[in-house]
Amino acid sequence: MRLKSLELTSFKSFAKKTALEFQSPITCVVGPNGSGKSNVVEAIRFVLGEQSMKSMRGKGGIDLIFKGSKNLAKSSRAAVSIYIDNKDKIFRLENEGGEKINLNYDTVTISREVFADGLNKYSLNGTEVRLKDIMALLASVNIGSSGHQIISQGEADRILNASLKERREMIEDALGLKIYQYKIKESERKLERTEGNMKEVSLLRREIAPHLKFLKGQVEKFAKAKEMKDELLSLYLEYLKYESVYLEREKSNLSTEKNKISKELASIGGKIGDEKSEDSAEENKNKEELKNLERKITEIRNLKSEVERKLGRIEGMLEMQGKSPNEPHKSGSISVPEDELHNFLTEAHEYLEEAMYMDVLENIAPILRKIKDILDRFARTAGSASSKPNAPKDFSALENTKKEIMAEMEKLGDEEKKIAHEIEILKNEIASKLEAGRDKERAKFELKVRNQELTSSLSLIAVKEENLTREAEAFENEVREGTALVGYEITDYKKFKGGENPDRHSQEEKRKKIERIKIKLEDIGAGGGEELMKEFNEISERDAFLAKEMEDLGKSIESLRTLMLDLKEKIDIEFRDGVKKINKEFQEFFALMFGGGSALLSVVAEQKRKKGEEDEIEEDELKEENGIEISVSLPHKKVKELHALSGGERSLTSIALLFAMSQVNPPPFLVLDETDAALDEANSRKYGDMLEKLSKHSELIVVTHNRETMSRAGALYGVTIGPDGASKLLSVKFEEATVIAK
Ligand code: ATP
């Protein structure tokens, strides 16, 4: 037996824990009206996961819990457990990975509890599980959720009343296709979730896209800036090396030149100062000496003239004494010896002539004085000659005086010659000195010119030095700026090879190039490279991750769609195949029931509107769904419409179909709640025959008032309800049962 037992605790009227053992292929539950038989059937529905409260005759969970009576307290929870044999390990569950696992229990116990607040709890062999798991588990043994294997009271013709779609579902369930439907539903949910995720991921990607684009741009800029910096660095190294060499060289050149000029200047300055004082002192001295000599010679000449005059007088006197030594002196006139007069005139004439050639007044004055002396002397001579008689002079004394004067004359002449010679020498000396002075003057002038040249050269050097200082400052600034832009590597410029012959023009070109790159770099303005790269990497990694996620999700969607299509196809094939098989059985059962006639299920396409799109739907938006149509033909009757059948005929048709369905893919058990209520005796027998046939494949739990049906049961349970409002269950014999059932 597949179904082992059912245990009810506080479920509806079963206040106390009640157990039903199923040991026979057909178990009948009998009892008077209202005793609680249908509650047993509902307990089976409940434990198998029924979600429709209506099909359990309740509005909420609370209606399923024993409500209490005068003598018995109400319960806070209802619980039902069903024990199903699994020695052959037919129960299977799917794990998360879709892998099917056979349940290793010999007995599978499914339990469901409901609490007053409506909360439900499901468990499998004591472990709490989800409803979904229970459903999947039951589907694996052909116990579907459509409940086609449980026919409730008054529901015998349910399948006839059902819609095309409901019928299809019942048949799918009976054919064990429900499990595929679950999978399709599950896949749909997964698809929905995946699509949702995809949207989210795509939104995230779209959100980061502008930032990523921005960062990419920045990174590109940064890379470009890096390239430029590299170029700038090599330019800088070369430029700075050349510039430093140039500055050094210029500095040293200027300093050498400056030293040289300064030295020359110092020596020229010394020369100009020295010569001056020395030369003028000597010149003065010579001039002074010349003056003295000239004065001396003049004096000697004066003396000489005087001595000559003396000599003349003496000679005159001597001459007079020689001719008429005592000749009287004539009165009224003055007698002056002729030679004396001659001497007087000659002397005066000479002096006047001398004076005439003198152009310096200073020199003329003494001559004039001498002329005056001569005139005075002549006046005195003339006076004395007139007033007193000439004293006779001693001739020899005169001769002696003459000799003396002559000697003096000679002496004076010698001296004059000597001094005249000295003067000449001195004059020559002065002239040559003058010539030498002129040479010196020329040399001095040249020195002055040179001095001037050197001074201007020095000023030029000072200007150059100033320029060089500016260039050196510019160089330092360049190093500072370069360091800030490119980094400390540029201070390595000294190691750069080359630059020994700096060319200013090409340096200027380099500097311009450097400036251009600097401006470009400033324009780019890419800074904080490391952080930028870090952020860019993070964001692009995230983007790549999201892209991968999108790809994975896309693949999942694709595979889910494929899976769903495959499943639908499988269902479709198996469904059509199953319907064929059911039709064969249906025809047999129908003919058995009605002693002939025909019955047929046909698959029809039903056009359905898509959910939530009720209004103004286009033709192509209508969804095609398969439904099941039932057509019957009773023997000897023309009636073909289902609704035109009698209650009994409907029950029989319905039962024939249910049994046919059960034959094709037998469920472990079938529950029939007064399905036989409408049958007459003859049909009750046929019904009983069918039960027996059916019970070969499925265990039957049959609620009935029908004796015929009871007679086919291997086990009978009697249900009674006492004054305490609690249903009781007891195993009964057939005879007892017939009594209880009444
Ligand atoms: P019939 O032969 O007329 O179909 P039955 O044996 O199938 O009757 P049920 O319909 O199973 O009888 O039982 C109905 C009984 O169960 C009623 O007496 C009802 O009061 C009782 N009942 C239903 N729900 C509860 C509940 N929650 N608490 C207590 N009693 C309940």
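These numbers come from a predicted model, not from an experiment.

Chemist: Mind showing me how you'd approach the overall build of the protein chain here?
Modeler: A tally of regular secondary structure across the protein chain gives 14 helices and 16 strands. On the principal axes, the C-alpha backbone points of the protein chain span a range of 245 × 60 × 45 Å. Looking at the 742 residues of the protein chain, the share that counts as buried comes to 40%. Taking all contacts inside the protein chain whose residues are at least 6 apart in sequence as the whole, residues at least 24 apart take part in 75%. By element, 52% of the accessible surface of the protein chain is carried by carbon and sulfur atoms, the whole surface being about 42,700 Å². Put simply, the protein chain has 124 plus and 138 minus side-chain charges, and the middle of one group is 7 Å from the middle of the other.

Chemist: How should I be thinking about the pairing of strand β13 (residues 669-673) in this particular structure?
Modeler: Each regular strand displays side chains that alternate between the two surfaces of the sheet. Counting buried positions along β13 gives 5 out of 5 residues, so the element sits mostly inside the fold. Both faces of β13 are covered, namely the face carrying Phe 669, Val 671 and Asp 673 and the face carrying Leu 670 and Leu 672. Strand direction decides the pairing type here: strand β10 (residues 150-151) and β13, joined by 2 bridges, are parallel. Among the inter-strand pairings, Ile 150 is bridged to a residue of β13, identified as Val 671. Pairing analysis gives 5 bridges linking β13 to strand β14 (residues 699-703), with the strands arranged parallel. Its bridge partner lying in β14, Asp 673 is registered against Val 703. Once the chain exits β13 it traverses helix α12 (residues 681-694) before rejoining the sheet at β14, and the crossover so formed is right-handed.

Chemist: Explain a negative patch on the surface to me, please; I cannot follow it from the model alone.
Modeler: On the surface, Glu 530, Glu 531, Glu 535, Glu 538 and Glu 541 cluster together into a negatively charged patch. With a relative accessible area of 58%, Glu 541 lands in the exposed category.

Chemist: Just to check I follow, could you spell out the site of the ligand for this structure?
Modeler: Asn 33, Gly 34, Lys 37, Ser 38 and Arg 57 are the nearest of the 18 residues found near the ligand. One of the side-chain N or O atoms of Asn 33 is found 2.7 Å from an oxygen atom in the ligand. At 2.9 Å, a side-chain N or O of Ser 38 approaches an oxygen atom of the ligand. Contact with the protein chains covers 75% of the free accessible surface of the ligand, which is 650 Å². Its residues placed into classes, the shell around the ligand shows 3 nonpolar, 9 polar and 6 charged.

Criteria and thresholds
Residues numbered from 1 in each chain as written. Predicted model: local features only at pLDDT ≥ 70, side-chain atom pairs only at ≥ 80, totals over all residues. Heavy atoms only, no water. Helix = DSSP H or I, 4+ residues; strand = E, 2+ residues; numbered from the N terminus. Buried < 20%, exposed > 50% of the residue type's maximum accessible area, 1.4 Å probe, protein only. Contact = heavy atoms within 4.5 Å. Areas by Shrake-Rupley, 256 points an atom, 1.4 Å probe, with all protein chains shown as cover. Lys, Arg positive; Asp, Glu negative; His and termini not counted. Charge placed at Lys NZ, Arg CZ, Asp CG, Glu CD. Pairing = 2+ DSSP bridges. Right-handed = clockwise from strand over helix to strand, strands pointing away. Patch = residues over 30% accessible without salt bridge, like charges linked within 9 Å, V, L, I, M, F, W, Y side chains within 5 Å. Salt bridge = Lys/Arg side-chain N within 4 Å of Asp/Glu carboxyl O. Near = heavy atom within 4 Å. Polar contact = N/O pair within 3.5 Å; in protein donor to acceptor, adjacent residues only side chain to side chain. Nonpolar A, V, L, I, M, F, W, Y, C, P; charged D, E, K, R; others polar.

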